[in-house]
Amino acid sequence: MKKKSLLIIAVFILLFCACKKDKTVGFIAEKAMVVSAREEASKIGAAILQKGGNAYDAMIATHLALAVVYPVAGNIGGGGFMVYRNNDGTTGALDFREKAPITAHRDMYLDSVGNVIKNKSTLGAFAVGVPGSIAGVFEVYNKFGSLPFKDLIQPAIDLAINGITVTEKQAKSLNSATERFKKVNNYITVFEKEWKKGDILKQEELAQTLERIRDLGKDGFYKGKTASLFVNYVKELGGIISLEDLEKYKAIWRKPITFNYKDFKITSMTLPASGGICLAQILKAVEPYDLSKIEHNSTKYIQLLTEAERRSYADRANFLGDIDFVNVPVDSLTNVKYINNRMKSFSWDKATPSSEVSHGKIIGYESDETTHYSIVDQFGNAVSVTTTLNTGYGSKVVVKGAGFILNNEMDDFSSKPGVPNVYGLLGSEANSIAPEKRMLSSMTPTIVEENGKLKMVVGTPGGSTIITSVLQNILNVTEYKMGMQESVDQPRFHHQWLPDVVRMEPNGFNEETKAKLETLGYKILERNSLIIGRVDAILVLPNGKLEAGADKRGDDAAAGF
């Protein structure tokens, strides 16, 4: 009898082991790591660290490399945000977001009767904001850089001259944009051909621009030959950016949003990035609930996060804008009493219609070509950087003679309060257009600490889905004890108040969960093209080693040592 019992137990163990999937573990490094949208950029950043450079040196090298190897979103003609944590625990943030030109005005995208003119804020030279990327790079270098600047930019120059190997995903992306490149430029750009996997993309004019930046510093972009090429071409195409716009641009050091979620300290970006405030609101809204009793990605889990997101995005639309221009009640919006009060109308029994949280029913669509990279160096410094041209290849304007793509960031303003932008996001007067104002963003570069020690560096592209993708990865690690790659691989979902739908990645959620959500009154949007973020993150393991989460939804990769 005893032998029979042991045999039964042995069979059960074998069956359990056979059914249990191997846990996915990402690339592990002992001391230092870079995770970005392309292997070439990650390797360049890691090589800088290997040479003795710090996280900030690697940030500059990675950023410039992405401008060459990942033209859909990597850039020198766009902008972004950086959140950092030094090895002594000090934190900070850099805002190198684009600005509206000096001659921009509130109604510049409206017709004579006050309606938004289609595509005017998204396609062509009139959609371009004043770029901040190069100013951001030099702010970082002047404050924290340790290696000679020429060593940080030369790898990007070499990539542009020698060419990059086009991947299958990249070929598809470039081919999808060909007609729009043709439509807005008055010459044949380097991007216009029928691309296939394995082709070599050389960018000689971009290399020359990078060489001017190498030799002349920040002035190699904002003044002189590059600035003239930029301004002349934009004016030729009907845009309004001037030499004065470029000369006046400054990146700004800001105090990040810092808050606690249970035992974790979270540092994220402040306005004009909405990510930190929204992340704080959503995490504080779910904090009173015992997630250990709620299964990951179950009906209840999706329901709870959706309701918290719905309320936060409604606040985003109403209150948030550039804090240099509008008075935003940040402390009130992230106050626990306020958030708990907002969640009082939440019921497990049914969805709260967005029309009851605020008014209006508007349909938008997604486009999400931003990019993010995370870096931890061998000294214990960490940086989290999200940068963008806005939509894929930005305005599609490629500066003639200078080879770089310009953003279409002006669409992130409220062209008309109450009318959605390309991401379906609404805005109010707080985010209306004004000269030299920075447009509201969803970017959410974030750093997580536990017991005073670095725990996680995380961020993602994804337009309006950035905030919810970062949120879900923080919860995956902190609440569900996932590893970094395991967390990044999980299917994601998103709700943004309006349109009132729960967007879900396809084939990631079981039919029973979706059916139950629908009976509770949730509308599900699931389609093949729907990718929610491409998270690139680093987790500090208990043994001090680093685990990468490089998103398989793209060509993302990690490098380190």
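A short tour of the structure in this document, coming up. As the structure is a computational prediction, the values presented were derived from the model and not from experiment.

Scanning all chains against the criterion turns up 22 aromatic pairs. Plain terms: the ring middles of F181 and Y393 are 5.4 Å apart, the flat faces sit at 65° to each other, and that makes the pair edge-to-face. Separated by 212 residues along the polypeptide, F181 in helix α6 (residues 168–184) and Y393 in the loop between β11 (382–388) and β12 (446–450) bring together distant segments of the chain. Measuring from ring centre to ring centre gives 5.5 Å for Y301 and Y480, while their planes differ by 90°; the resulting arrangement is edge-to-face. Of this pair, Y301 sits in helix α12 (residues 299–319) while Y480 sits in the loop between α16 (466–478) and α17 (484–489), placing them 179 residues apart in sequence. Aromatic rings pair up to connect F221, Y222, F230, Y249 and F404 into one cluster.

What the rule picks out here adds up to 35 salt bridges. Residues R106 and E429 are paired through a salt bridge, measuring 2.9 Å at the closest nitrogen-oxygen approach. Here R106 is found in the loop between β4 (91–96) and α4 (133–144), whereas its partner E429 is found in the loop between β11 and β12, with 323 residues between them in sequence. Classification of R106 by relative accessible area gives partly exposed; the value is 37%. We classify E429 as partly exposed; its relative accessible area is 42%. A salt bridge links E505 to R553; the shortest N-O distance between them is 2.7 Å. With E505 in the loop between β15 (502–504) and α18 (511–519) and R553 in the loop between β18 (546–550) and β19 (557–560), the pair connects residues that are 48 residues apart, well separated along the chain. Assessed through its relative accessible area of 15%, R553 is described here as buried. Through salt bridges with shared partners, a single network forms among D95, R254, D324 and R438.

Strand order in this open sheet of seven strands is β7-β4-β3-β11-β10-β2-β19, and the pairing throughout is antiparallel. Every other strand in the sheet has two partners, leaving β7 (252–254) and β19 as the edge strands with one partner each. This sheet shows a mean twist of 15° between the axes of neighbouring strands, independent of strand direction. Examined bridge by bridge, strand β2 (residues 33–36) and β19 share four bridges and lie antiparallel to one another.

What follows deals with unusual backbone geometry. The omega torsion of the bond from L271 to P272 falls at 15°, within 30 degrees of zero and hence cis. In this structure, P272 sits in the loop between β9 (264–268) and α11 (275–286). The amide bond that connects L498 to the next residue, P499, takes the cis arrangement and shows omega of -5°. Turning to its location among the elements, P499 is positioned in the loop between β14 (493–494) and β15.

Calculation criteria
Residues numbered from 1 in each chain as written. Predicted model: local features only at pLDDT ≥ 70, side-chain atom pairs only at ≥ 80, totals over all residues. Heavy atoms only, no water. Phe/Tyr/Trp six-rings, centres within 6.5 Å; stacked < 30°, edge-to-face > 60°. Helix = DSSP H or I, 4+ residues; strand = E, 2+ residues; numbered from the N terminus. Salt bridge = Lys/Arg side-chain N within 4 Å of Asp/Glu carboxyl O. Buried < 20%, exposed > 50% of the residue type's maximum accessible area, 1.4 Å probe, protein only. Pairing = 2+ DSSP bridges. Axes fitted to C-alpha atoms, helices over the stretch in contact; angles between N-to-C directions.

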